[in-house]
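# Report on the structure
Take a look at the letters that make up each chain.
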Amino acid sequence: STHRSRDVTPDQQTDPPCVTVDYYELMEQNRNTISKMCSQLPRWGSSTSHVGDDFIKGDTLRIYDRITANPPFTKGKDIDHILKMYSILNQGGILVTLASMSWTIGETKKQKDFRKWIDDVEAYKEELPENTFKESGTSVKTILLKIIKQ
């Protein structure tokens, strides 16, 4: 999962924004890819930090303006991640995340509660085409969620 925060400089008219990218990633190959991508960010006070391997267990003392993520899907972990990410999002902040489709039809209390919550926060939902991530070795049906914290 990648989590991004944007801090605004005092004079937005002339100074570019400072960008801080904090990310959690278990797989070393993905950490290297993220690091390479972040190295292409503008240098005006930008920083990148791998803050841990496990987002759920990690200390999240910061509040973010933007969060993008691809959380693990097994055993409803995507629900846990999404709820925690929302909790560390600023008012007006935007969360964009992938999720499995299991919560859309599941009958567990957790899945039903999450469906209701998704409706309550008026999330934008877009089912992705089948086999979107086939090249990455998975055919799990996924949905893209965009949530703006009110």
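Residues numbered from 1 in each chain as written. Predicted model: local features only at pLDDT ≥ 70, side-chain atom pairs only at ≥ 80, totals over all residues. Heavy atoms only, no water.

### Remarks on the pattern of salt bridges
Side chains that carry opposite charge are capable of pairing whenever their charged atoms lie near each other. Selection criterion: Definition used for salt bridges: Asp or Glu carboxyl oxygen within 4 Å of a side-chain nitrogen of Lys or Arg. Only DSSP runs of H or I with at least four residues qualify as helices, and only runs of E with at least two residues qualify as strands; both kinds are numbered from the N terminus onward. Type-normalised accessible area, obtained with a 1.4 Å probe on protein chains alone, sets the label of each residue: buried when under 20%, exposed when over 50%, and partly exposed for intermediate values.
Inspection of every chain in the model, using the stated rule, returns six salt bridges. Asp80 is paired through a salt bridge with Lys110; the nearest N and O atoms lie 3.0 Å apart. Highlighted residues: Asp80 in helix α2 (residues 77–87) and Lys110 in helix α4 (residues 109–120), separated in sequence by 30 residues. Given the relative accessible area of 32%, Asp80 is considered partly exposed. For Lys110, a relative accessible area of 32% corresponds to the partly exposed category. Where Lys112 meets Glu107, a salt bridge forms, and the shortest distance between an N and an O atom there is 3.4 Å.

### Observations concerning the pairing of strand β5 (residues 89–100)
Basically, it comes down to this: By this definition, two strands are paired if DSSP reports at least two bridges between them. Here, the term right-handed applies to a crossover whose path from the first strand over the helix to the second runs clockwise when the strands point away from the viewer.
Bridge analysis of strand β4 (residues 64–69) against β5 gives five bridges, and the strand direction is parallel. Counted as the bridge partner of Tyr64 is Leu89 from β5. Taking the sense of rotation as the criterion, the β-α-β connection linking β4, α2 and β5 turns out right-handed. Pairing of β5 with strand β7 (residues 142–148), which is carried by seven bridges, proceeds in the antiparallel orientation. The residue bridging Ala99 from the neighbouring strand is Ile143, located in β7.

### Concerning the confidence of the model for the protein chain
Quick reminder of the rule: The score called pLDDT rates the predictor's confidence residue by residue, from a low of 0 to a high of 100. We call two residues contacting when some pair of their heavy atoms lies within 4.5 Å.
The pLDDT averaged across the protein chain works out to 81; a share of 83% of its residues lies at or above 70. Confidence scores differ between elements of the protein chain, with strand β1 (residues 2–7) showing the lowest mean pLDDT of 46 and α4 the highest of 97. Contacts from residues 1–13, a stretch scored under 50 in pLDDT, to residues over four places away or in other chains number 51 contacts.

### With respect to the nonpolar core
This is how the line gets drawn: Side-chain atoms within 4.5 Å are what join buried Ala, Val, Leu, Ile, Met, Phe, Trp, Tyr and Cys residues into a set we call a nonpolar core.
Ile82, Trp103, Phe114, Trp117, Ile118, Leu145 and Ile147 are the most contacted members of the largest nonpolar core, which totals 23 residues. Elements represented by at least two residues in this core include exactly β4, α2, β5, α4 and β7. Beyond its immediate chain neighbours, meaning those up to four positions away, Trp103 contacts Asp78, Ile79, Gln111, Phe114, Arg115, Ile118, Lys125, Ile143 and Leu145.

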